[in-house]
Structure formats: C-alpha cells, structure tokens
Amino acid sequence: MSERGVGEGYVGAGEVLEGRLPEGNPARLRGWIHRKFVVGGKIFVRLRDSTGVLQCVIDRSRVGDEVYGAFEEAKRESSIVVEGTVHREPRAPGGWELRVTRGHVVWPSEDFPIRGKEGVEFLLDNRHLWLRSTRMRDILKIKHTVLGALREYYLERGWWEVTPPILTGSAVEGGATLFKVDYFGEPAYLSQSAQLYLEVLIYSLERVWAITPSFRAEKSRTRRHLSEYTHFEVEAAWMNMEDMMRVVEETVEHVVSRVLEDRRRELENLGRDTSALERVKRPFPRLTYTEAVERLRSKGVAMEWGEDFGADEEAALTRDFDRPFFVTLFPKQIKAFYMKEYEQDPRLVKGFDLLAPEGYGEIVGGSEREDSYEKLLARIREEGLDPKDYYWYLDLRRYGSVPHSGYGLGVERLVMWIAGLDHIRDATPFPRFRERLRP
Ligand code: 4AD
Ligand code: MG
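Here the structure is a predicted model, which is why all the values come from computation and not from measurement.

Explain the environment of V82 to me, using residue names and the numbers behind them.
In this structure, V82 sits in strand β4 (residues 79-88). Residue V82 is classed as buried on the basis of its relative accessible area of 1%. Spatially, the C-alpha atoms of V82 and I58 are 9.5 Å apart, while their sequence positions differ by 24 residues. Setting aside anything within four residues of it in sequence, one finds V82 in contact with A27, R28, L29, L47, C56, F71, L98, V100, R102 and G103.

Structure (structure tokens):
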C-alpha cells in the first residue's frame, strides 16, 4: 500500500481518510506531529504526512508506559512512526482515526516557532518551516497539477519541449526590469523570456514549448509580481494571432478542468469557489484594446487611448466577465518590438493578453511576431536597442521567414487565480521579490 508515494509498508494518512482500509484494519504510518493534546488520559496526535492529517490515539493501557511517555514528551513537528488499527470515529477530523498499539519518535523536535497567529513577514522568514502547513501543501499540489496539465496538453498534440538558456546577452521585454550579472567580465542578463530562442527553434521543430524561470527586476511590490517566476512559453510556425489565441484558450480550459478533476479537495480546503472554475469554457470573450478603453471610460475610469492598463484598469475590466477573456490589437508604443504590425492599422500590433476574471487580470501575454526584416530592424532601432545584439534574431527573417506566433503564461499567476489566492507569493515555495532573497 504505497500508491501515494509514502513508502513500502506504510499507509498514507489520506488513504485512511478516504476510507480505503476497512474498519479495524491494521496500518502503519510515518510522518510528523502536526498537533497534539491530551484528553481523559489519552494522547491525541494528529499525524501529518504528504497525503493528509490523521488523528492517532495513544492510550496508555494499549501501548504501555514507555511508548506513552515518549509521545507525552514529544513536541509538535517531531517525526514519528505509529502502528495500530483504523476506525471510523465521527469526532475525529475526516471521520477516521488510528488506535495506536505501537510506535516511536524517530527524531524529536525543538519548540516549533510557528504557533498559528504569526504575521506575513515572520512566515516569510520561516518559509522553510511554513511550507509544512496544510495550506502551503495544498497549493504546492495544485501547482504540480497545473504544470503537469500544461505539459500534458502539448505532449498529447505532438509539440516539442525544449531548453532555452537563462544567461543571455540581450533583453526581450525592455531594459527597465533586467537583472544584470557578471559573465566572465562581460555584462549578461538573466532571461526575462525564452521567446527569442523559441523563435529560433521553430525553424527546427515548428511547434515548441519551454518551462523556464524568468526574471524581472520589478521595483514595486505588488500582489502579482515576483522577481523570479515560472514561465510557460509556446511558439509555433505557420500560426497567426487567431490560431494562437485558440491554442491559449484550449490550454487554459484543459488546465482548469484537470485541476477540478484531480485537486478538488485541495481547492475546497483553500475555500476556493469552484463554481467560478466550472464556468471556464471556450470560447473566451474577445475585445480589442480600443473597445476596452471605451468600456473603461464608460465606467468613469479616466484613461487616454495609447496608455497601458494598470492593475486597477484590468481589475475593472474583469468585472464584466465570468470567465477569462482576451484583449487584442494594442497600440504599438506600449508593446515589445517583436510584435507584428496590424495590416489594417499601422498604429496597432497583433498582440493579445488573456485576463483572468474575479479581479485577477493578465495571466498570458502573446502575439503574432514581426516577420519582415526591415520592419523588425526599424522597431529595434526605435526602441533604442543595438541591432548587433539581435543579429541572430534578425537572421531568422533572412533565411526563410515564416508567419509565426507565441505566448508566455505566468505559472504563478495562473495558480494564484485557480487557487483563489490573494497574493502571488503563496503560488511559489520560495518567493523572490524586492527585499526577499532568503530562505
Ligand atoms: O507579458 P509578458 O512580459 O510577455 C513576455 O514575456 C513574452 N515574451 C512571452 C512570449 O510571448 N513568449 O510575460 C508573460 C506572462 C505575463 O502574462 C504574466 O502572466 C507573467 O508572464 N509575468 C509575471 N509573473 C509574475 N511576476 C512577474 N513579475 C511577471 N511578469 C510577467
Ligand atoms: Mg504582458
């Protein structure tokens, strides 16, 4: 019985709670003391393992003085092994308990610093310990399922996974958020996006994706910006903006339905309203940037055509939709140099953002790419970038350019919305933002 990965000969707490063992069945578990209290001369240990938390009852008359004494002394977070029989017990959390017959403390714990009423900064300083909480465990599992579902979607359709570099010589998303590092005496940058490399790789594999960390030196601390995040990026030859938006739509629908299927219990533990996720069905609504500005103005939001949306503008837009929606065709000046000019209006580019509802905002940014050598070179110059740094990227337009499109999805943004978190920091085990580098 080790299907849940808890190890040969051991049962997971979660398996007992699911009623997978019959009443009275013997079971052996190992884990940590999550909570402990003594009532009526019995010790109640809530044992936590990777699968759940199970009440274990230690009765002196059953285990003898020595074992009873050991558990009496053991503090929270001590690692333990217990053996006994499983029983339905309506008063126990989850309706099951283990009546212990044998057991021992594997390694005692000192006084655990987290007691339950600590503030955000304390929990961030003690992140290495706080990750043991049920809340963090549930979020970690949801993220695992999100990553698996993303891969699954592309694997099943014959796309190729590739490994672009993290150390780079040129910016993708603008100089303001670049992290500079010393590369053997030469300046280099941590990758902001793998896009330019993925564009190279489509000439070899046509349809590719990559999961890499992306780095953004975001100066302000917000609820949705990290300085290091997990970037899921896709690029495909022979696809225009519309084609790529359909890929995004299907991907997001697939991931949400997979999480609802596999992680419903975790979502419920986190208090997520799952009916909002049940509504995530294609097609997602689409509006242009210009329509979005008009819509915001009609709500009394002061905004000029040509300005970018901030978090407040995005949040205001999301109130009109009950599922993710696209904003398309942005003014050139607010988007990156690589986006393709819109054929019907040269002030616009063929970019799209996908915004999550319920106030969350942007989770995906994508575009059709500029395939003309001349236009791309002009844009690079306009942005004040040095064409020499982009010689290899420009070369792609010299040797059999193709129409192509791609997108980038912030995995932590997606997890934040799916899990209903109010801050992005909990969507990653070791969040990085300004003034936070440890643990
Ligand atoms: O919109 P962005 O900047 O687009 C790109 O980087 C493109 N080159 C992607 C591509 O087409 N291959 O970033 C893409 C997504 C955003 O929509 C957002 O979800 C996430 O990355 N993101 C961040 N997530 C967390 N913290 C940050 N500081 C983020 N910046 C962007
Ligand atoms: Mg963006």
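Can you explain the site of ligand 1? Please cite residues and give values.
The local shell around ligand 1 holds 22 residues, among which E173, Q195, E233, E362 and I363 are the closest. Here S193 contributes a side-chain N or O atom positioned 2.9 Å from a nitrogen atom of ligand 1. In this structure, an oxygen atom belonging to ligand 1 sits 3.4 Å away from a main-chain N or O atom of V364. A total of four residues in the shell around ligand 1 trace back to one element, the largest contributor, which is strand β15 (residues 361-368). When the residues that make up the shell around ligand 1 are grouped by side-chain class, the tally is seven nonpolar, seven polar and eight charged.

Account for the side chain of E97, with residues named and values stated.
Along the chain, E97 falls in strand β5 (residues 96-107). Since its relative accessible area comes to 5%, E97 is described here as buried. A distance of 3.0 Å separates the side chain of E97 from the side chain of Q55, its partner in a polar contact. E97 has contacts with L54, Q55, V57, T85, V86, H87, E89 and A92, leaving out every residue within four places of it along the chain.

Please provide a residue-by-residue account of the sheet that holds strand β16 (residues 404-410), values included.
Sheet strands line up and pair through hydrogen bonds in the backbone, either parallel or antiparallel. With respect to topology, eight strands assemble into an open sheet ordered β6-β10-β11-β16-β15-β14-β13-β12, the strand pairing being mixed. Two strands lie at the open edges of the sheet, namely β6 (160-161) and β12 (286-288), each paired on one side alone. The strands touched by helix α14 (residues 411-419) are β11 (228-237), β14 (348-356), β15 and β16; relative to β16, the strand with the most contacts, the crossing angle is about 55°.

Residues and numbers for the sheet that holds β4, please.
The strand order around the closed barrel built from five strands is β1-β2-β3-β5-β4, with neighbouring strands paired in mixed fashion. Between one strand and the next, the sheet's axes are offset by a mean angle of 55°, whatever the strand orientation. Here strand β2 (residues 42-49) runs beside strand β3 (residues 52-59); their pairing, made up of eight bridges, is antiparallel. Bridge pairing in β3 places L47 opposite L54.

Can you lay out the packing of helix α5 (residues 134-156) against α14 for me, pointing to particular residues and giving the numbers?
As a packed pair, α5 and α14 sit with axes 10 Å apart at the nearest point and diverge in direction by 120°. Judged by the inter-axis angle, α5 sits oblique to α14. Crossing handedness for the pair α5 and α14: right-handed. Contacts between α5 and α14 involve I139, I142, K143, V146, L147 and L150 from the first element and V411, E412, L414, V415, I418 and A419 from the second. Residues that form the contact of α5 with α14 fall into these classes: 10 nonpolar, no polar and two charged.

Definitions and limits used
Residues numbered from 1 in each chain as written. Chains lettered and ligands numbered in written order. Predicted model: local features only at pLDDT ≥ 70, side-chain atom pairs only at ≥ 80, totals over all residues. Heavy atoms only, no water. Helix = DSSP H or I, 4+ residues; strand = E, 2+ residues; numbered from the N terminus. Buried < 20%, exposed > 50% of the residue type's maximum accessible area, 1.4 Å probe, protein only. Contact = heavy atoms within 4.5 Å. Near = heavy atom within 4 Å. Polar contact = N/O pair within 3.5 Å; in protein donor to acceptor, adjacent residues only side chain to side chain. Nonpolar A, V, L, I, M, F, W, Y, C, P; charged D, E, K, R; others polar. Pairing = 2+ DSSP bridges. Axes fitted to C-alpha atoms, helices over the stretch in contact; angles between N-to-C directions. Parallel < 35°, antiparallel > 145°, perpendicular 65-115°, else oblique. Left-handed = near helix turned anticlockwise from the far one by under 90°.

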